[in-house]
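Here is what each chain is made of, one letter per residue.
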Amino acid sequence: MTNTQGSGDRGPRLDPATVIRAALELLDEKGLDALSTRAVADRLGVRMNTVLWHVKTKARMLDLMADAVIGEAPLDGLPDPWDARVRELARRYRRALLAHRDGAALVVGTFAAEAQTLRFADTLVQALLDGGLEEREAAWTTWTIVYFALGLTQEEQAAARQPLDGILENAVCGQAHPALHRALAHLGPESFGERFEFGLSRILPTGGEPR
């Protein structure tokens, strides 16, 4: 593949960071389904080969985008107590996902072993190690927190695009689903912040080790 940058392309010389910023802007405007290397090239006013020169493939572009999103979770100013540190990291992770349209869906679809993602994971694992967890417990608790945050945030962002009010209520029958019917008032697609804090409290109870 040859770099076509400068051969008729308009605008300033590109670098990978500029391409990823443009891709994130496109994500925020049109959503994950509309994202492609061609769409990013059109936004930048360059040929698609120019974008591919910097990101190689769409999959690689998505990995770099996911890493950029996680990089928006700041790692400074964290609490000293290990459990408070873990909770604050989880909250910052969720906020970073929510800051971009389809942010959770983007990150779910990648396995970005990139600098900012690794830095965040290292900070979270270290907090758990500081709490006295063994290496396996720290690693698996990190996965648990990440999977929980991604899943709940993906639901939250999907609900913002397509309200789910009434769907579950209309589907659950008291006779066929007695347990669901009993808990129905607490199963609606709302209170995502409270649900997130509740989940963290189950993973990492106050004053104790992760379960």
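Residues numbered from 1 in each chain as written. Predicted model: local features only at pLDDT ≥ 70, side-chain atom pairs only at ≥ 80, totals over all residues. Heavy atoms only, no water.

Digging into unusual backbone geometry
Although it is not a glycine, Lys56 adopts a positive phi angle of roughly 70°. Summarising the element assignment, Lys56 is placed in the loop between α3 (48–55) and α4 (58–70). Phi is positive for Asp102, which is not a glycine, with a value near 60°. Note on Asp102: relative accessible area 8%, which makes it buried. (Helix = DSSP H or I, 4+ residues; strand = E, 2+ residues; numbered from the N terminus. Buried < 20%, exposed > 50% of the residue type's maximum accessible area, 1.4 Å probe, protein only.)

What to know about helix α8 (residues 135–161)
With 27 residues, α8 should reach 39 Å at 1.5 Å per residue; the first-to-last C-alpha distance of 39 Å fits that figure. Each element contacted by the buried residues of α8 is listed here: α5 (82–98), α6 (103–108), α7 (115–130) and α11 (192–203). (Expected span 1.5 Å × (residues − 1). Contact = heavy atoms within 4.5 Å.)

Side note on the nonpolar core
Ranked by size, the top nonpolar core spans 53 residues in total, and within it Val40, Met65 and Tyr93 carry the most contacts. Those residues in contact with Val40 that sit more than four places away from it in its chain are Val19, Ala22, Ala23, Leu26, Leu35, Val51 and Met61. (Core = buried A, V, L, I, M, F, W, Y, C linked by side-chain atoms within 4.5 Å.)

What about empty space enclosed by the protein?
Scanning the entire structure with this criterion turns up 1 cavity of 30 Å³ or more. Here the largest cavity defines a volume of roughly 30 Å³. In terms of lining residues, the largest cavity is bounded by Leu89, Ala90, Tyr93, Phe120, Leu124, Ile145, Val146 and Ala149. When contributions to the lining of the largest cavity are tallied by element, the ones reaching two or more residues are α5, α7 and α8. Taken together, the residues of the lining of the largest cavity sort by class into 8 nonpolar, no polar and no charged. (1 Å grid on protein atoms, 1.4 Å probe; cavity = no way out; pocket = protein on both sides within 12 Å on 5 of 7 lines; lining within 4 Å. Points joined across faces, edges and corners; volume = space filled by probe spheres on them. Nonpolar A, V, L, I, M, F, W, Y, C, P; charged D, E, K, R; others polar.)

Quick notes on the UniProt feature "DNA-binding region" (unreviewed entry) in the protein chain
What UniProt calls "DNA-binding region" (unreviewed entry) maps, in this numbering, to residues 36–55. Annotated as 80% helix and 0% strand, the span residues 36–55 places its first and last C-alpha atoms 12 Å apart. (UniProt positions renumbered as here; feature names shortened; annotations may be inferred.)

Examining the layout of surface pockets
Rolling a probe over the atoms, with the probe sized like a water molecule, indicates the empty space that remains. For the largest pocket, the calculated volume is near 480 Å³. As for the largest pocket, its lining consists of 22 residues, and the residues nearest its centre are Phe111, Ala112, Thr117, Trp143 and Val146. Where the lining of the largest pocket is concerned, the elements lending two or more residues are α4, α6, α7 and α8. Taken together, the residues of the lining of the largest pocket sort by class into 18 nonpolar, 3 polar and 1 charged.

Structural notes on the confidence of the model for the protein chain
The predicted model of the protein chain averages 89 in pLDDT, with 91% of residues at 70 or higher. Ignoring residues within four places in sequence, the model shows residues 6–11, a span with pLDDT below 50, making 10 contacts including any to other chains. (pLDDT = per-residue confidence, 0-100.)

Observations regarding the packing of aromatic side chains
What the rule picks out here adds up to 3 aromatic pairs. Measuring from ring centre to ring centre gives 5.4 Å for Trp143 and Tyr147, while their planes differ by 15°; the resulting arrangement is stacked. Placement of the pair is Trp143 and Tyr147 together in helix α8, with a separation of 4 residues, close to one helical turn. By relative accessible area, Trp143 is classed as partly exposed at 39%. Residue classification places Tyr147 among the exposed positions, given a relative accessible area of 52%. Ring geometry for Phe148 and Phe196: centres 5.5 Å apart, planes at 10°, overall stacked. With Phe148 in helix α8 and Phe196 in helix α11, the pair connects residues that are 48 residues apart, well separated along the chain. By relative accessible area, Phe148 is classed as partly exposed at 22%. Against the face of Phe196 rests Arg94, its NZ or CZ located 5.3 Å from the ring centre. Here the guanidinium or amino end of Arg202 rests over the ring plane of Phe198, the centre of that ring lying 4.7 Å away. (Phe/Tyr/Trp six-rings, centres within 6.5 Å; stacked < 30°, edge-to-face > 60°. Lys NZ or Arg CZ within 6 Å of the ring centre and 35° of its normal.)

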